[in-house]
Amino acid sequence: MATSQTVTTGSAQLPLVQEARNPGMDLDMDWVMRARANRSAIERRAATLPGRRSVKKEYQAAWLARAVSCIDLTTLAGDDTAGRVARLCAKARQPVRRDLEKELGLEGLTVGAVCVYHDMIAPAVSALQGSGIPVAAVSTGFPAGLSPFHLRVAEIEESVKAGAAEIDIVISRRLVLTGDWQGLYDEMRTFRAACGEAHVKAILATGELGTLQNVARASLVCMMAGADFIKTSTGKESVNATLPVSLVMIRAIREYHERTGFRVGYKPAGGISKAKDSLNYLALIKEELGDRWLRPDLFRFGASSLLGDIERQLEHYVTGAYSASWRHAAG
């Protein structure tokens, strides 16, 4: 069974619990093929969440602070520059204005990571030096994942060499759509090995997998192959993170933990831009997986604009008035 160790850290004022890393296992096709997804039941369950779970006042502020600590602050634009990344990293170090931070007692709060393309790893590592905030890099021909396989593996190795502590890889969707589970397992296993000590987040691109059953099976296969996180989307698909897809994926995580003893992280990404949406995801995680998953080592939001709205809501809690969104720019 997996074990964990608690280590005190000043970052985000949260205890850093170092989980035994998911080593993966042999591909269990019986388990994969037994995975099912009842769409109507899943959608009913997801639809009830926003109405049942509502937190207000100081409780809402506390939950929003937790959401901040779990954000992968992201820039994946073709016109990214070292200067833009440096500004984003400054925001990652100080995600909430100092006056609000002091009023809320949130000194030391940081985001979970900064996520960039390979070419922006070096400036991000430099800007975050000494902060304890890891740099994550998207890789393997992101977002389509259709470049030659040996180049995708080499891209992972180059990003790790450049200083990325986390690698967000994209799977080959065709392997899922054609039911080639052995092929997906072998691909993911190779990516995991190329990451070395860097943690790997497997992006399923769920909006392109066709069915929730495919999402469930792909989640299991990636975890069996050693994924440290499973992630919904690249953010570039027409449909990105949704509560029904999240429910399928986190129940696969729960089942994997029950069967193996290893905890795998979860990252919804794409389309999560409002503070109230982040609360729904946190509530779903708490109900389905428990409090242990409400930490940045096991839960992340892939987001570029979410932080601004959260900071705006925190200012409303402190002052009683809403400010303009431009006053809370991400970078």
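See the structure printed just above.
Rules behind the numbers
- Residues numbered from 1 in each chain as written.
- Predicted model: local features only at pLDDT ≥ 70, side-chain atom pairs only at ≥ 80, totals over all residues.
- Heavy atoms only, no water.
- Core = buried A, V, L, I, M, F, W, Y, C linked by side-chain atoms within 4.5 Å.
- Buried < 20%, exposed > 50% of the residue type's maximum accessible area, 1.4 Å probe, protein only.
- Contact = heavy atoms within 4.5 Å.
- Helix = DSSP H or I, 4+ residues; strand = E, 2+ residues; numbered from the N terminus.
- Polar contact = N/O pair within 3.5 Å; in protein donor to acceptor, adjacent residues only side chain to side chain.
- Pairing = 2+ DSSP bridges.
- Salt bridge = Lys/Arg side-chain N within 4 Å of Asp/Glu carboxyl O.
- Phe/Tyr/Trp six-rings, centres within 6.5 Å; stacked < 30°, edge-to-face > 60°.
- Lys NZ or Arg CZ within 6 Å of the ring centre and 35° of its normal.

### Description of the nonpolar core
- Grouped together as the largest cluster of nonpolar side chains are 97 residues, with contacts concentrated most on Ile169, Leu184, Cys222, Phe301 and Ile310.
- Setting aside its immediate chain neighbours within four residues, Phe301 contacts Ala67, Cys70, Ile71, Asp72, Lys267, Pro268, Ile272, Ser278, Tyr281, Leu282 and Leu306.

### A short note on the side chain of Glu187
- Along the polypeptide, Glu187 turns up in helix H9 (residues 181-195).
- By relative accessible area, Glu187 is classed as buried at 7%.
- A distance of 3.2 Å separates the side chain of Glu187 from the side chain of Arg152, its partner in a polar contact.
- At a separation of 2.5 Å, a polar atom in the side chain of Glu187 contacts the side chain of Ser172.
- If we ignore the near neighbours within four places in the chain, the residues touching Glu187 are Phe149, Arg152, Ile171, Ser172 and Leu175.

### Comments concerning the pairing of strand E3 (residues 71-74)
- Of the two faces of E3, the one lined by Ile71 and Leu73 and the one lined by Asp72 and Thr74 are each fully buried.
- Note that E3 and strand E10 (residues 301-303) share three bridges and pair parallel. If you follow Leu73 over to E10, its bridge partner there is Ala303.
- In this sheet, strand E4 (residues 113-116) lies alongside E3 in parallel orientation, the contact comprising three bridges. When the bridges of E4 are listed, Leu73 appears paired with Val114.

### Section: the pattern of salt bridges
- Across all of its chains, the model carries 27 salt bridges by this definition.
- In this structure, the salt-bridge partner of Arg300 is Asp72, at a minimum N-O distance of 2.8 Å. Here Arg300, found in the loop between helix H12 (275-288) and E10, pairs with Asp72, found in strand E3; they are 228 residues apart in sequence, far enough to count as distant. In this pair, the class of Arg300 matches that of Asp72, namely buried.
- The residue Arg97 makes a salt bridge to Asp99 at a minimum N-O spacing of 2.9 Å.

### Digging into the packing of aromatic side chains
- Evaluated as defined, the whole model comprises six aromatic pairs.
- With centroids separated by 6.1 Å and ring planes inclined at 15°, the aromatic side chains of Trp31 and Tyr256 adopt a geometry described as stacked. You can see Trp31 sitting in helix H1 (residues 29-34) and its partner Tyr256 sitting in helix H11 (residues 243-260), a full 225 residues away along the chain.
- Note on Tyr256: relative accessible area 0%, which makes it buried.
- What links up through ring pairs into an aromatic cluster is the set Tyr266, Tyr281, Phe299 and Phe301.
- Sitting over the face of the ring of Phe229, Lys201 holds its NZ or CZ atom 6.0 Å from the ring centroid.
- The ring of Trp31 carries Arg259 above its face, with NZ or CZ at 3.9 Å from the centroid.

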